[in-house]
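Chain by chain, the residues run as shown.
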Amino acid sequence: MWFKFRKQPPIRSLVGEGTVVQGELRFTDGLRIDGEVQGDVVAVGDRPTLLVISENARIMGKVIAGHVIINGQVMGPVESAELLEIQPKARIHGEVRYETLEMHQGATIEGELRRRSGEGAKPALMLAAANDA
């Protein structure tokens, strides 16, 4: 897969644990969320982006970015233009659109999963082994 060899954008912004952001949050490059966002989280620009939603994070709004890693809770639609990694403690309530999907055992999605490239295309799915270290 091409994204495994491509350098990730740097994480330049952080919403720390215990922080609550109300309203739309726009970012470039990389963003890590450990706190809570009550609004949309949207990557802007034409460069690659990385969004990390940690285990204790909560998002109540839509999420749109290139490479998205979720291990927390998202209440709203999720769209990933490149790779969507859904880690074991992830809880997603909303429609999920992805280009390539990696989902770990234990994660839950309450909503529709749909590939961005359109219908009829072969799904790009990767199975995460339970014994990955």
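The structure under discussion appears in the preceding block.
Residues numbered from 1 in each chain as written. Predicted model: local features only at pLDDT ≥ 70, side-chain atom pairs only at ≥ 80, totals over all residues. Heavy atoms only, no water.

Considering the arrangement of structural elements, one finds Asn 71 in the loop between β10 (67-70) and β11 (73-75). Classification of Asn 71 as buried rests on a relative accessible area of 14%. One polar contact links the side chain of Asn 71 to the main-chain amide nitrogen of Lys 89, over a distance of 2.9 Å. Contacts of Asn 71, omitting those with residues within four sequence positions, involve Ile 53, Ser 54, Glu 55, Gln 87, Pro 88, Lys 89 and Ala 90. (Helix = DSSP H or I, 4+ residues; strand = E, 2+ residues; numbered from the N terminus. Buried < 20%, exposed > 50% of the residue type's maximum accessible area, 1.4 Å probe, protein only. Polar contact = N/O pair within 3.5 Å; in protein donor to acceptor, adjacent residues only side chain to side chain. Contact = heavy atoms within 4.5 Å.)

Our next topic: the pairing of β10. Residues of β10 alternate between two faces, with His 67 and Ile 69 on one and Val 68 and Ile 70 on the opposite face, all of them buried. Pairing of strand β7 (residues 50-53) with β10 involves four bridges; the strand directions are parallel. Among the inter-strand pairings, Val 52 is bridged to a residue of β10, identified as Ile 69. Examined bridge by bridge, β10 and strand β13 (residues 83-86) share three bridges and lie parallel to one another. If you follow Val 68 over to β13, its bridge partner there is Leu 84. (Pairing = 2+ DSSP bridges.)

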